[in-house]
Amino acid sequence: MNPHYKLYTAEAGKKSRYSLFSAPFKDLADSQGLAMRLTIRDIKSSYRGSFLGVLWIFITPLMNTLIWMMLNVSGVVRIAETPIPYPVYIFTGTMLWSVFTESLLSPLNQTTSSKSILSKINFPKEALILSGIYKILFNTGIKLILMFGTMLILGVYPDWHLLFFPIALFSLMFAGTAFGMLAAPLGLLYGDVGRIIPMATQVLMYMSPVVYVMKGEGVLQKVMAINPLTPLLVNARNWLTGLHSEQIYYFIGINLVLIPVFFAGWLFYRVSIPIIVERSGS
Amino acid sequence: MQEEVLIRAEHVSKKFCRDLKKSLWYGMQDLGKAAVGISPSQQLRPHEFWAVNDISFEVKRGECLGLIGHNGAGKSTLLKMLNGLLTPDKGSIEMKGRVGALIELGAGFNPILTGRENIFNNAAILGFSKKETLDKLDEIIAFADIEDFLDTPVQNYSSGMRVRLGFAVAAQMKPDILIIDEVLAVGDMGFVLKCFNRMDELLKDTALILVSHSMPQIARMCTQVLLMSKGQNQYLSNDVSTGITRYYEMFGEEINSFSEGEKVDLSDITLLSEGNKGTRTENLLMDYAAPLEIQIEITCREAVEYMWVYLAFYDKEQRIFAEVNNFTDALTLKRVENKVIVSAYIPSLPFAQGAYSISVGIGEEQNGARRTLLRSQSAIYFTVHGKHHGWAPIQYEPEWKLL
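Parameters and conventions
- Residues numbered from 1 in each chain as written.
- Chains lettered and ligands numbered in written order.
- Predicted model: local features only at pLDDT ≥ 70, side-chain atom pairs only at ≥ 80, totals over all residues.
- Heavy atoms only, no water.
- Contact = heavy atoms within 4.5 Å.
- Salt bridge = Lys/Arg side-chain N within 4 Å of Asp/Glu carboxyl O.
- Helix = DSSP H or I, 4+ residues; strand = E, 2+ residues; numbered from the N terminus.
- Buried < 20%, exposed > 50% of the residue type's maximum accessible area, 1.4 Å probe, protein only.
- Polar contact = N/O pair within 3.5 Å; in protein donor to acceptor, adjacent residues only side chain to side chain.
- Core = buried A, V, L, I, M, F, W, Y, C linked by side-chain atoms within 4.5 Å.
- Phe/Tyr/Trp six-rings, centres within 6.5 Å; stacked < 30°, edge-to-face > 60°.

(A) View of the interface of chain A and chain B. Counting residues at the interface gives 38 residues for chain A and 54 residues for chain B. Counting across the chain A and chain B interface gives four salt bridges. Glu 278 of chain A serves as the salt-bridge partner of Lys 14 of chain B, at 2.9 Å between the closest nitrogen and oxygen. For the side of chain A that touches chain B, the secondary structure elements donating two or more residues are β1 (5-9), α1 (17-48), α4 (115-118), α6 (165-189) and α10 (248-280) of chain A.

(B) View of the pattern of salt bridges. Inspection of the entire model under this criterion finds 27 salt bridges over all chains. A salt bridge links Asp 27 of chain A to Arg 270 of chain A; its shortest N-O distance comes to 2.9 Å. Note that Asp 27 of chain A is positioned in helix α1 and Arg 270 of chain A in helix α10, a separation of 243 residues in sequence. Asp 27 of chain A gets classed as partly exposed once you look at its relative accessible area, which sits at 22%. Arg 8 of chain B is the partner of Glu 58 of chain B in a salt bridge, and the nearest nitrogen-oxygen pair spans 3.0 Å. With Glu 58 of chain B in strand β2 (residues 48-60) and Arg 8 of chain B in strand β1 (residues 5-17), this residue pair connects regions lying 50 residues apart in the sequence. Because the salt bridges share partners, they merge into one network encompassing Glu 278 and Arg 279 of chain A together with Lys 14, Asp 30, Arg 45, Glu 48 and Asp 89 of chain B.

(C) The side chain of Thr 133 of chain B, seen in detail. Residue and element names in this part refer to chain B. Along the chain, the position of Thr 133 falls in helix α4 (residues 130-144). At 2.7 Å, the side chain of Thr 133 and the backbone oxygen of Ser 129 are in polar contact. Sequence-distant contacts of Thr 133, defined by excluding residues within four places in its chain, comprise Ile 119, Phe 120, Ala 123 and Phe 128.

(D) Fine view of the nonpolar core. By size, the foremost hydrophobic cluster in this structure holds 157 residues, and its most contacted members are Ile 7, Phe 57, Leu 78 and Leu 82 of chain B. At 13 residues, helix α3 (residues 86-113) of chain A tops the list of elements feeding residues into this core. Look past the residues within four positions of Phe 57 of chain B in its chain and what remains in contact with it is Ile 7, Arg 8, Ala 9, Leu 65, Leu 78, Leu 82, Ile 209, Leu 226 and Leu 236 of chain B. Ranked by size, the runner-up nonpolar core spans 38 residues in total, among them Tyr 288, Phe 351, Ala 352 and Leu 374 of chain B.

(E) Main features of the side chain of Asn 283 of chain B. Within the fold, Asn 283 of chain B resides in the loop between β11 (276-278) and β12 (284-287). Ignoring any residue separated from it by four or fewer positions in sequence, one finds Asn 283 of chain B in contact with Thr 245, Glu 249, Gly 278, Tyr 381, Phe 382 and Thr 383 of chain B.

(F) Broad picture of the packing of aromatic side chains. All chains considered together, the criterion is met by 20 aromatic pairs over all chains. With 5.4 Å between their ring centres and 85° between their planes, Phe 313 of chain B and Phe 351 of chain B make a pair best called edge-to-face. Of this pair, Phe 313 of chain B sits in strand β14 (residues 304-314) while Phe 351 of chain B is found in the loop between β17 (339-346) and β18 (354-366), placing the two residues 38 residues apart along the sequence. Given a relative accessible area of 1%, Phe 313 of chain B falls into the buried group. Taken together, a centroid distance of 6.2 Å and an interplanar angle of 80° make the contact between Phe 313 of chain B and Phe 382 of chain B edge-to-face. In this pair, Phe 313 of chain B sits in strand β14 while Phe 382 of chain B sits in strand β19 (residues 369-385), placing the two residues 69 residues apart along the sequence. Each member of the pair, Phe 313 of chain B as well as Phe 382 of chain B, is classed as buried. Members of the aromatic cluster, joined through ring pairs, are Phe 25, Phe 174, Phe 262, Phe 263 and Trp 266 of chain A.

Below you can see the structure in the form of structure tokens.
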């Protein structure tokens, strides 16, 4: 059969089950080159028109760290003792948290920004998701360089657990992207979703050990312990900074649950694109 | 190979919703259905209508289907379905082969980046790998012919330059199926011709679908036309000329040409060629270089002292390109009263294939000054059938000699 054969029909039954499950992987493979190209394009263009360029990647997390350090030092907010120097704790926390939030918003943002092309050219949509992931990896990579520098200066040394760090990092991206793909189609129809997500992540951040430690007996601490993001976040930070694993079974369990969620999100995203194109036009 | 059907559309229909809020809500419902794998309903919901209604056709390799119709006839929606951007609500579309679409040139261009960088962006979106793009880079640059601006940000390009670059990239596609949606409207003359030559090369072994409002373009390239109106198939045939004529007729009704003058009325007009007859309602189909007789019936309400008749030929772009008149006393019409039929016989009309219209002007000359009594734009349409599909409406067949 012709490898380029395509059948477009309203009747879902006519499409073979095989193509429903194999097509996503084929498209994913086909989208690699385009995803890379889109990433290069977006990174180049976003920094070419700015004076400070790539430095902007550092500036936001640095400001965040400074604010929380000031709050802590001035005693406005009393934060329990952290196992590693507080600046490292906040910096890793905010960095890892932004990996999650960026992954969550990325499918929506990426798709919105290429809406005009989506309605005119047929290309593997996976490229949009993938390029979003690449951009986050690029940002995170740069932040990690700064992070390692700071850690060494402050005397925090990673140990062999560092080998596991990528797993935890990918888990955060995996979680973000899975839900991001589920939310993106709704967000493309209704602008409300794009406003709700940042608000919700803000709330979620205070329920997670991003800027303060999970310690004690308060309600918030209990919420934090149940929060499925906690093990991802805590282990990512611990493995990066030479601490030990925590809630490891919870960590594994969440990742297992994320696998079907991720595939559901992916398939949902794929089937929704023609519907979005239909409703939003060119 | 030549006979294989590459595009097959069967009873394709697509709904559309006019109301935004409703449309978004229906979108949500469709998303919900898609999530659980239910086909969308085939009934119209409130505020919906069929934008494309029960369209079927086939295109083989080497053939070109011209898609014509008014704005909003559903052409673009149909193209989007063929390209897989929209899913049909009814029916099915089979595409056998690599699909290339020229629906928007320069997709993926980023204004801040240079022309050279954007070649890669555009190529990637069109499905080229980095290696393929590198291999074809020189050819693309040569085709676009904008070397001086290659390292300038695209935001400083003129729209024509952007189109040049976009087409240069797209022209490198080697598709089995090519979909073109009137993108060649911009660009200077030289570039447009270059694009057509390129498309002619591609046409040999692709199945092509062309949407255009330019009838010479349709007449020149297509082997089949589909005339759409309100989403429906109005005419589908290999007889391209008739399709084009039907298209003009759709406008003909809107531009009702028969006007009454103050002193005279143009009561009838008839065209005759080799035993074929054309009237206002039934277009004449004549052969290339055949004779044409134009008969005009004029009713005078008052006597006209010294009447002149003027005829002008227009092509489908409404460009005037030929005139006929009796100003030089070829026929003297003195003291014309009541009804008169004037005939103008042209022994050979060397027009290119296509549809044409004739405008009629009738006037009076008094004391050496001409005054128009009546003017009827597009009084009658006719179609020339023949081997010449040129850009110019007049195509000569000279006697060639090698000296």
